[in-house]
Amino acid sequence: MAATDENLQVAVDAAPPGTTPPERPPGAASGTRVGMPRWLPRAMVLALALIACFQLGNWAFHQLTGLLINILIAFFLALAVEPAVSWMAARRVRRGLATALVFLAVMVVGAGFVVLLGSMLAGQIVDMVEDFPKYLDQVINWINQTFHTDLNRVEVQDSLLHSDWLQKYVQNSATGVLDVSAQVLGGLFQLLTILLFSFYFAADGPRLRRALCSVLPPAKQAEVLRAWEIAVDKTGGYLYSRGLMALISGIAHYILFAALDVPYAPVLGVWVGLVSQFIPTIGTYLAGALPMLIAFTVDPWYALWVLIFVVVYQQFENYVLQPKLTAKTVDIHPAVAFGSVIAGTALLGAVGALIAIPAVATLQAFLGAYVKRYDVTDDPRVHGHRRRGGASLLARARRALKEPREDSETDAQ
């Protein structure tokens, strides 16, 4: 028979003095009701509030990602023009006016380049359309002579014009005109946003630094100002060194295009210079595609000469020109630069590819002050040479093969 509370209470009262009263059974009721802890409701409310704040912050971050990227681009653009603005401000030019003059010069040069490039492309497209029947006749004649066929240009043109894929392409292009217009307007608004933020960052640079340092202790203020100065030096140095290399590349390619009598040689030289320098690693080959196409319309062999020159100049730039020009401005290893470009592209796309190298150079220069360096020992292995006294791997293998042979000869004797 199971023990009840009354029997248990009697057993406790009847226990003789000096003995331990029997323990309550595990399932026995205590007689008092335990309530919910006072901290549990508050903890639940706090957890729900934290989850709600996290979800709200995550939603806001994804909604504002485009704006944050524009601000990041504007900040690096302001760092790039900071040396020119500071140079003009040191000569008693108001900082706002100096910033406006620098941005006006950049916009005029960019607009002029776009207009020249657009007119070149438009004229070249018109020429290619007009000469398309001649190119098609040449291709058809080559096919007929090579494969012994009997093709006709009129039949080929009719089959192309009445093909289903061409009609579908025209319909899709007509329906996508509004999408393209919206993208163009969005791109112009984004460019205006970047220019506006970068103008305020450059014009109000001292006020921005003062406001940032006002909430930090003096020791942290010195670190922030030093990091800002390094960022300005590295970003400006990267921009100006790339501009100088773009000028040299543009002049070199212009000489080639003029010698080959390629149309629009000056504009093509500027195109190759800018694209090859501000799109890292593969920019030279991307920039050379357009001149190769235009040179092919003049003479197919000219396109081959352009390709050879682009490859040779890329090697000259990588191993001779770039190390000398960027040794004092953006002193980072080529492998690190290539890896930073890949990482920046993976994170932010084309924007990350543009700002990856100055960002990594700034971080490397800033952390260099906190890394303790030592003198490297004078060891041949540091320079990639083996020790002179050490046996080579081939000599050790010969010795290992020779010893068992000597042991077998000794046992035979």
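Cut-offs and rules
Here the residue numbers are simple positions, counted from 1 along each chain's written sequence. Where local features are concerned, this predicted model is filtered to residues with pLDDT of at least 70; where side-chain atom pairs are given and counted, the filter is 80 or more; whole-chain, interface and lining totals use all residues. Note that water and hydrogens are dropped before the side-chain values are worked out from all heavy atoms of the structure. Only Phe, Tyr and Trp rings are paired, with Trp represented by its six-membered ring, and only when their centres lie within 6.5 Å; those with planes under 30 degrees apart are stacked, over 60 edge-to-face, the remainder tilted. For every residue, the accessible area (1.4 Å probe, protein chains only) is compared with the maximum for its type, and the residue is labelled buried under 20%, exposed over 50%, or partly exposed between those bounds. Secondary structure elements follow DSSP: runs of H or I of four or more residues count as helices, runs of E of two or more count as strands, with numbering from the N terminus. Axis definition: a line fitted to C-alpha atoms, limited for helices to the stretch in contact. Angles are taken between N-to-C directions and run from 0 to 180 degrees. Small angles under 35 degrees read as roughly parallel and large ones over 145 as roughly antiparallel, with 65 to 115 read as roughly perpendicular and the rest as oblique. Contacts were defined at the residue level, with two residues in contact if any of their heavy atoms lie within 4.5 Å. A helix is expected to reach a length of 1.5 Å times the quantity of its residues less one. In this analysis a 1.4 Å probe is tested at points of a 1 Å grid over the protein atoms alone, and where it fits but cannot get out there is a cavity; an open set with protein on both sides within 12 Å along at least five of seven lines is a pocket; lining residues have an atom within 4 Å of a point. Grid points are joined across faces, edges and corners, and a volume is the space filled by probe spheres set on the points. Amino acid classes used here: Ala, Val, Leu, Ile, Met, Phe, Trp, Tyr, Cys and Pro are nonpolar; Asp, Glu, Lys and Arg are charged; the rest, including Gly, are polar. Should a side-chain nitrogen of Lys or Arg be within 4 Å of a carboxyl oxygen of Asp or Glu, the pair is scored as a salt bridge. Like charges are joined within 9 Å and nonpolar side chains (Val, Leu, Ile, Met, Phe, Trp, Tyr) within 5 Å, but only among residues with over 30% relative accessible area and no salt bridge; these make up the patches. Surface accessibility follows the Shrake-Rupley procedure with a 1.4 Å probe radius. Residue values consider only the protein chains on display as shielding. In protein, a polar contact means a hydrogen-donor-capable atom and an acceptor-capable atom, both N or O and within 3.5 Å, with residues adjacent in sequence counting only if both atoms are side-chain atoms; elsewhere, any N or O pair within 3.5 Å suffices.

Participant: Kindly report on the packing of aromatic side chains, identifying the contributing residues and their values.
Facilitator: Taken as a whole, this structure holds nine aromatic pairs when the rule is applied. Plain terms: the ring middles of Phe 75 and Phe 76 are 6.1 Å apart, the flat faces sit at 85 degrees to each other, and that makes the pair edge-to-face. For Phe 76, a relative accessible area of 14% gives the class buried. An angle of 65 degrees between the planes, with centres 6.3 Å apart, marks the rings of Phe 103 and Phe 199 as edge-to-face. Placement of Phe 103 in helix H4 (residues 95-130) and of Phe 199 in helix H8 (residues 177-203) is noted, with a sequence separation of 96 residues between them. When its relative accessible area of 8% is taken as the criterion, Phe 103 is described as buried. By the ring-pair criterion, three or more aromatic residues cluster together here, those being Phe 75, Phe 76, Phe 197, Phe 201 and Trp 228.

Participant: Break down the packing of helix H3 (residues 65-89) against helix H10 (residues 218-259) for me, with residues and values.
Facilitator: Running from N to C, H3 and H10 point in directions that differ by 85 degrees, and their axes come no closer than 8 Å. Comparing their axes, H10 and H3 come out roughly perpendicular. Touching Phe 75, Phe 76, Leu 79, Ala 80, Val 81, Glu 82, Pro 83 and Ala 84 of H3 are Trp 228, Ala 231, Val 232, Thr 235, Gly 236, Leu 239 and Tyr 240, all from H10.

Participant: Tell me about helix H11 (residues 265-278), and name the residues and values.
Facilitator: Over its 14 residues, H11 extends 20 Å from the first C-alpha to the last, a length consistent with the 20 Å expected when each residue adds 1.5 Å. Along H11, the residues classified as buried are Ala 265, Val 267, Leu 268, Gly 269, Val 272, Gly 273, Val 275, Ser 276 and Gln 277.

Participant: Explain the layout of surface pockets residue by residue, including any values.
Facilitator: Taken as a whole, the largest pocket spans an internal volume of roughly 2000 Å³. Breaking the lining of the largest pocket down by element, the ones donating at least two residues are H3, H4, H8, H10, H11 and helix H15 (350-368). In terms of residue count, the dominant contributor to the lining of the largest pocket is H4 (eleven residues). Of the residues in the lining of the largest pocket, the class split is 37 nonpolar, six polar and no charged.

Participant: Would you mind going over the pattern of salt bridges in detail, with residue names and values included?
Facilitator: Counting across every chain of the model gives three salt bridges. In this structure, the salt-bridge partner of Glu 82 is Arg 209, at a minimum N-O distance of 4.0 Å. Of this pair, Glu 82 sits in helix H3 while Arg 209 sits in helix H9 (residues 205-213), and the two are 127 residues apart along the sequence. Overall, the relative accessible area of 18% leaves Arg 209 in the buried class. One continuous salt-bridge network, built from bridges that share partners, spans Glu 82, Arg 95 and Arg 209.

Participant: Run through a nonpolar patch on the surface, naming residues and quoting values.
Facilitator: The grouping of Tyr 285, Trp 301, Leu 304, Trp 305, Leu 307, Ile 308, Val 311 and Val 312 at the surface amounts to a nonpolar patch, some 800 Å² of accessible area in total. For the nonpolar patch, the element with the highest residue contribution is helix H13 (residues 300-326), accounting for seven residues. Tracing the backbone shows Trp 301 in helix H13. On the basis of relative accessible area, Trp 301 is assigned to the exposed category, the value being 60%.

Participant: So what's going on with empty space enclosed by the protein? Residues and values would help.
Facilitator: Applying the stated criterion across every chain, the model contains one cavity of 30 Å³ or more. Here the largest cavity defines a volume of roughly 40 Å³. Every residue along the wall of the largest cavity is listed here: Phe 75, Ala 78, Leu 79, Glu 82, Phe 201, Gly 205 and Trp 228. If you tally residues by element for the lining of the largest cavity, the top one is H3, at four residues. Its residues assigned to classes, the lining of the largest cavity shows five nonpolar, one polar and one charged.

Participant: Describe the side chain of Gln 277, listing the residues and the values that go with them.
Facilitator: Its location among the elements puts Gln 277 in helix H11. Judged by relative accessible area, which is 0%, Gln 277 ranks as buried. Here the side chain of Gln 277 touches Ser 276 through a polar contact of 3.4 Å, side chain to side chain. For Gln 277, the residues in contact, after removing those within four places along its chain, are Tyr 238, Arg 242, Met 245, Ala 246, Ser 249 and Glu 317.

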